[in-house]
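Structural features, examined
The residues making up each chain are set out below.
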Amino acid sequence: MLLNPNHLQRRYPDRRSAEIMAATVDFFESRGKARLKSDDHERRWYSEFLDHIGREHIFASLLTPSQYGTSAEVACRWDTYRISEFAEIVGFYGLNYWYPFQVTALGLGPIWMSANEDAKRKAAAQLQAGEVFGFGLSEQSHGADVYQTDMVLRPDGDGGWTANGEKYYIGNANVARMVSTFGKIAGSSPKDDEYVFFVADSQHDRYDLIKNVVNSQNFVANYALRDYPVGEADLLHRGPDAFHAALNTVNVCKYNLGWGAVGMCTHAMYEAVTHASNRHLYGTVVTDFSHVRRLLTDAYVRLIAMRLVASRACDYMRSASANDRRYLLYSPLTKAKITSEGERVITALWDVIAAKGVEKDTIFEAMAREIGLLPRLEGTVHINIGLLGKFMPNYLFAPNADLPLIDRRDDAADDAFLFAQGPTGGLGKVRFHDWRASFDSYAHLPNVALLRGQIDVLAEMLASATPDAAQQKDIDFAFGVGQLFATVPYAQLILEEAPLSGLDQRGAEALIDEIFAVLVRDFNGYAVELHDKSATTDEQARFATRMVRRPVHDPVRYDQIWKEHIEPINGAYQMRP
């Protein structure tokens, strides 16, 4: 159920995809853990990793749509299925290696979405040459607020423009030869300003690399353009299209954060279980303590749930179309819930291994330090949970039986629609299939049935004690409702993915029910939080109380999961020294 770099198991329709994953693993394992940790502690720029990426044409293969591929041997396509395993693998070895991949994907988004064919061909050639890309959206004063920008382009009198302004929190911006930069073209008055996306070159003499704003191997830049010349050939989008490109790029790439968290937690799980299983305290093996077994079991089932959700969400990302925009729910769900669950996994593991979690020669030390970044990148958890709320009415109350059933999407195809999403907005009109169908398939499992009952009470509350306009504008209250709602599609994706991942064939219903015991407990916690919020009405509070259920505890199921799933992790993988 877990990624093991020594036994990669994903199957692809082409040889090249498997070669990419194996070459990536070999790079890290050949370096060994000591070198990896030394580079991290000394904050060494990962030039050797980027050289490897370029030499093996890995970003060129993974991040170039096939129509712009420059070599048949590289087998270019933007295929979310294989991108997700790469994101998991680099996350497994550390966020510092996941990050340049993520930022390159973000930087390419506005380019692949544009009508500028010359820019696209240039980007493809630079990927083939091993270059990385940057996404110049955030600013120190505005964060990632797309509505605000102080990057201003003014006419230069010769048909072009000069750009002035600063960007902040921009990864790869020290080396990227194409930094997709968001700004505005100044009009005769502020109301006439026009959004714009254009390409800047970090090596241009009017590009001022001010500083690295983080203390890590990454270079997360504050850069300024000072009378930077911008020509028509540098423009990617103008007007509303630039605004839509910014949001649509994030729609695509925030999904990758979930896989980064899965990879980080998986490596931490191997270290923690192996350490605890071979340590004696007070005459007892650490893993024989009841609280340790509970912490490790919870961490494991949360991690398996993370993988199941991310895997299933991939199918919806790949199957998206103008008539099927379900991915707009599942992408922020993956970002918000999986990354938050990653923090919970690391905390539980840390409670087991205690001081070992800060030892400098462990991988765990880096994962514990960095896991908290993922919920706070590409929009905070509050922002993304708030986004989910826009889908809630149609998802819960207006299922569309005409939507197609999506099977596993592991075919060798471009996910072309991700770069042709069109205007943003209209989220309240997105329709979904009936979430109850997946629950019905597992209704015989006691904790699945319990969660279904909790959700029914939530739906009843929303229908008969509907949050009023003031409550809907209250971010804290809306977040409380949103956390309850987010559990529903999260559970739905788990149940849809279970048969696709072969869990039925492995007789793993005990594992599914244990996952749902954790979800029932989580739902209880969210219900209590909603009950206690100052904005909650008395009637809503009574509904919240009715949502609370006691999970079904089954000692036989619990022991089965320990013996069949967690004990075998002991010594199953250790990184080469």
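Quick caveat, the model's predicted, so the values are computed rather than measured.

In this section: the overall build of the chain. Looking only at helices and strands, the chain features 20 helices and 10 strands. Overall, the chain is about 75 × 60 × 40 Å in size when its C-alpha atoms are taken along their principal axes. For the chain, with 577 residues in total, the buried portion stands at 59%. Across the chain, contacts joining residues at least 24 apart in sequence account for 80% of those joining residues at least 6 apart.

On to the domain arrangement of the chain. Often, the extent of an interface is quoted as the loss of accessible area upon association of its parts. Splitting the chain by domain gives domain 1 (15-132), domain 2 (135-239) and domain 3 (392-399 + 432-554). One C-alpha centre belongs to domain 2, the other to domain 3, and the line joining them spans 43 Å.

One pass over the full model with this rule turns up 34 aromatic pairs. Judged by centre distance (5.5 Å) and plane angle (90°), the rings of Trp 435 and Phe 439 are edge-to-face. By relative accessible area, which is 1% here, Trp 435 ends up buried. Residue Phe 439 is classed as buried on the basis of its relative accessible area of 2%. The aromatic ring of Tyr 81 is capped on one face by Arg 10, whose charged end is 4.4 Å from the ring centroid. Lying over the aromatic face of Trp 259, Arg 10 brings its terminal NZ or CZ to 5.3 Å of the ring centre.

A few words on the pattern of salt bridges. Counting across every chain of the model gives 50 salt bridges. Across the pair Glu 48 and Arg 31 runs a salt bridge whose closest N-O atoms are separated by 2.3 Å. Of this pair, Glu 48 sits in helix α2 (residues 47-55) while Arg 31 sits in helix α1 (residues 15-41), and the two are 17 residues apart along the sequence. Looking at Glu 48, the relative accessible area reads 38%, which means it is partly exposed. For Arg 31, a relative accessible area of 18% corresponds to the buried category. In this structure, Arg 557 engages Glu 514 in a salt bridge whose closest nitrogen and oxygen atoms are separated by 2.8 Å.

With that out of the way, let us pick up the nonpolar core. Within soluble globular proteins, side chains that are nonpolar tend to cluster in buried spots. Counting 176 residues, the largest nonpolar core has Trp 78, Phe 86, Trp 112, Ile 515 and Phe 516 as the members making the most contacts within it. Here this core takes 16 residues from helix α9 (residues 290-318), the largest share from any one element. Within the second largest apolar cluster, 20 residues are counted, among which are Trp 161, Ile 170, Ala 176 and Phe 219.

Moving on to the pairing of strand β5 (residues 194-200). Burial within β5 is extensive, with 5 of its 7 residues counted as buried. Two strands pair when backbone bridges link them, and strand β4 (residues 179-185) and β5 are joined in this way by 7 bridges, in the antiparallel orientation. Within β5, the position partnered with Val 179 by the bridge is Ala 200. Pairing analysis gives 3 bridges linking β5 to strand β8 (residues 235-238), with the strands arranged antiparallel.

This part is about the packing of helix α4 (residues 80-93) against α9. Between two packed helices, both the angle of their axes relative to each other and the distance between the axes serve to describe the pair. The N-to-C vectors of α4 and α9 enclose an angle of 150°; their axes lie 9 Å apart at closest approach. Judged by the inter-axis angle, α4 sits roughly antiparallel to α9. Crossing geometry of α4 relative to α9 is assigned as right-handed. Where α4 abuts α9, its residues Thr 80, Tyr 81 and Glu 88 lie against Arg 307, Cys 314, Met 317 and Arg 318.

Further remarks concern α2. Of all the positions in α2, only Phe 49, Leu 50, His 52, Ile 53 and Gly 54 are classed as buried. The inward-facing, buried residues of α2 abut α1, α3 (58-63), α4, α5 (95-112) and α6 (117-128). Immediately downstream of α2, the backbone of His 57 shows phi near 55°, a positive value.

Take the side chain of Thr 181 next. Relative to the elements of secondary structure, Thr 181 occurs in strand β4. A relative accessible area of 0% means that Thr 181 is categorised as buried. Within polar-contact distance, the side chain of Thr 181 engages the side chain of Tyr 223 at 3.0 Å. Beyond its immediate stretch of four places on either side in the chain, Thr 181 contacts Gly 136, Met 151, Lys 167, Val 196, Phe 197, Phe 198, Ala 200 and Tyr 223.

This brings us to unusual backbone geometry. Glycine aside, the phi torsion of most residues is negative, and most peptide linkages are trans. The backbone of Arg 43 sits at a positive phi, close to 55°, despite the residue not being glycine. Its location among the elements puts Arg 43 in the loop between α1 and α2. Residue classification places Arg 43 among the partly exposed residues on the basis of a relative accessible area of 42%.

With that settled, the discussion passes to the packing of helix α8 (residues 255-277) against helix α10 (residues 327-353). Between α8 and α10, the shortest axis-to-axis distance is 8 Å and the interhelical angle comes to 15°. The pairing of α8 with α10 is recorded here as roughly parallel in orientation. Crossing of α8 against α10: the hand is left-handed. Along its contact with α8, which presents Tyr 255, Leu 257, Gly 258, Ala 261, Val 262, Cys 265, Ala 268, Met 269, Ala 272, His 275 and Ala 276, the element α10 presents Ser 331, Thr 334, Lys 335, Ile 338, Thr 339, Gly 342, Val 345, Ile 346, Leu 349, Val 352 and Ile 353.

Quick look at the UniProt feature "domain: Acyl-CoA dehydrogenase/oxidase C-terminal" (unreviewed entry) in the chain now. Within this structure's numbering, the places UniProt gives as "domain: Acyl-CoA dehydrogenase/oxidase C-terminal" (unreviewed entry) are residues 243-390. Summarising residues 243-390: 72% helix, 3% strand, and an end-to-end C-alpha distance of 20 Å.

The topology assignment puts Thr 104 in helix α5. In this structure Thr 104 comes out as buried when scored by relative accessible area, which is 0%. One polar contact links the side chain of Thr 104 to the main-chain amide nitrogen of Phe 133, over a distance of 3.3 Å. Leave out the neighbours within four places in its chain, and Thr 104 touches Phe 59, Leu 63, Leu 127, Val 132, Phe 133 and Asn 172.

All chains considered together, the criterion is met by 0 disulfides. Cys 253 takes part in no disulfide bond, and the closest cysteine sulfur, belonging to Cys 314, lies 14 Å away. Its relative accessible area of 2% is what places Cys 253 among the buried residues.

With respect to the helices and strands, the residue His 204 is situated in the loop between β5 and β6 (207-212). Its relative accessible area of 26% is what places His 204 among the partly exposed residues. When the C-alpha atoms of His 204 and Pro 229 are compared, they prove to be 9.7 Å apart, with 25 residues separating the residues in sequence. Setting aside residues up to four positions removed in sequence, His 204 forms contacts with Tyr 228 and Pro 229.

Rules behind the numbers
- Residues numbered from 1 in each chain as written.
- Predicted model: local features only at pLDDT ≥ 70, side-chain atom pairs only at ≥ 80, totals over all residues.
- Heavy atoms only, no water.
- Helix = DSSP H or I, 4+ residues; strand = E, 2+ residues; numbered from the N terminus.
- Buried < 20%, exposed > 50% of the residue type's maximum accessible area, 1.4 Å probe, protein only.
- Contact = heavy atoms within 4.5 Å.
- Domains from an automatic or database assignment.
- Phe/Tyr/Trp six-rings, centres within 6.5 Å; stacked < 30°, edge-to-face > 60°.
- Lys NZ or Arg CZ within 6 Å of the ring centre and 35° of its normal.
- Salt bridge = Lys/Arg side-chain N within 4 Å of Asp/Glu carboxyl O.
- Core = buried A, V, L, I, M, F, W, Y, C linked by side-chain atoms within 4.5 Å.
- Pairing = 2+ DSSP bridges.
- Axes fitted to C-alpha atoms, helices over the stretch in contact; angles between N-to-C directions.
- Parallel < 35°, antiparallel > 145°, perpendicular 65-115°, else oblique.
- Left-handed = near helix turned anticlockwise from the far one by under 90°.
- Polar contact = N/O pair within 3.5 Å; in protein donor to acceptor, adjacent residues only side chain to side chain.
- UniProt positions renumbered as here; feature names shortened; annotations may be inferred.
- Disulfide = S-S within 2.5 Å.

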